[in-house]
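Coordinates in review
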Amino acid sequence: MDIDAPQSGTPQDLVALLDWAAGRWAERPVLIFDEFGETISFGQLAERTREMSAVLQSIGVNQGDRVAVMLRNRPEFPITWLALARLGAVMVPLNVYYREADASYVLNDAGAVAMVTEAQFTDLAVLLRDTVASVRTIVSVDTGVRSEEVLSLANLVERTRGAGFLARAVQPETTVNIQYTSGTTGYPKGC
């Protein structure tokens, strides 16, 4: 397989690389999630990240904002990460085994403004939103979440369909992820 980027106009960041790959191999699979029975092509990934960028922008996520993501290994995890990169925002992945104290520390330290999660973690997310001043909004990627305090991704996608988003210029050195250490010798540190 030829994966060399063109000599001129070499993609300089994740988003540019994804868009380049989508233009070159739109139908070629890039992500496979057997548990969900889903295979995502480069073209689909580019489109779904644009869709998610519109959703995130509609809830007030802006360039430089940090967004906590508490998801298991599922399609929405890389989609959210790349969508945030399109906006110049930063993903802060939360360990799915965190409880209130650990998650609260990371959210406060990162200054996360929103959380993207799944049904299993919405009760914890609401508790965290109520105790962490910076967190304003919670989005669940699962349908059927019965909480007025948690927004449904499906509803937000429907509401923003066709609206697009304001793309931000992203430099190659722009932070796209703050990964927290395990904190075995003290509090976790963002790196």
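In this report, the structure presented in the accompanying data block is examined. All figures in this text were calculated on a predicted structure; none of them were measured in a lab.

Reading the values: rules and limits
Residues numbered from 1 in each chain as written. Predicted model: local features only at pLDDT ≥ 70, side-chain atom pairs only at ≥ 80, totals over all residues. Heavy atoms only, no water. Pairing = 2+ DSSP bridges. Helix = DSSP H or I, 4+ residues; strand = E, 2+ residues; numbered from the N terminus. Buried < 20%, exposed > 50% of the residue type's maximum accessible area, 1.4 Å probe, protein only. Right-handed = clockwise from strand over helix to strand, strands pointing away. Arc of directions from axis to C-beta. Contact = heavy atoms within 4.5 Å. Axes fitted to C-alpha atoms, helices over the stretch in contact; angles between N-to-C directions. Parallel < 35°, antiparallel > 145°, perpendicular 65-115°, else oblique. Left-handed = near helix turned anticlockwise from the far one by under 90°. Nonpolar A, V, L, I, M, F, W, Y, C, P; charged D, E, K, R; others polar.

Quick look at the pairing of strand S1 (residues 29-33)
Across four bridges, S1 lies against strand S2 (residues 38-41) in antiparallel orientation. Of the residues in S2, the one forming a bridge with Phe33 is Glu38. The turn joining S1 and S2, which pair antiparallel and follow one another in sequence, is formed by four residues; a positive phi near 65° is taken by Gly37.

Describing the pairing of strand S3 (residues 66-70)
Where burial is concerned, most of S3 is hidden: four out of the five residues are buried. For the crossover that starts at S3, traverses helix H3 (residues 76-87) and ends in the parallel strand S4 (residues 90-93), the hand is right-handed.

Structural notes on the environment of Arg146
Tracing the backbone shows Arg146 in the loop between strand S6 (137-140) and strand S7 (151-152). A C-alpha to C-alpha distance of 23 Å links Arg146 and Tyr98, two positions 48 residues apart in sequence.

Here's the deal with helix H4 (residues 100-110)
Buried within H4 are the following residues: Ala103, Ser104, Val106, Leu107 and Ala110. Angular distribution of buried residues about the axis of H4 spans 165°; they occupy a single face of the element. On its buried face, H4 is in contact with S3, S4, strand S5 (114-117) and helix H5 (122-131). Directly beyond the C-terminal end of H4, a positive phi value near 70° is found at Gly111.

Some remarks on the packing of H4 against H5
Contact pair H4 / H5: the axes reach a minimum separation of 10 Å and the direction vectors enclose 50°. The orientation of H4 relative to H5 falls into the category oblique. Where H4 crosses over H5, the handedness of that crossing is right-handed. Touching Glu100, Ala103, Ser104 and Leu107 of H4 are Leu124, Leu127, Leu128 and Thr131, all from H5. The residue inventory of the contact of H4 with H5, partitioned by class, reads five nonpolar, two polar and one charged.

Coordinates in, geometry out; function isn't part of it.
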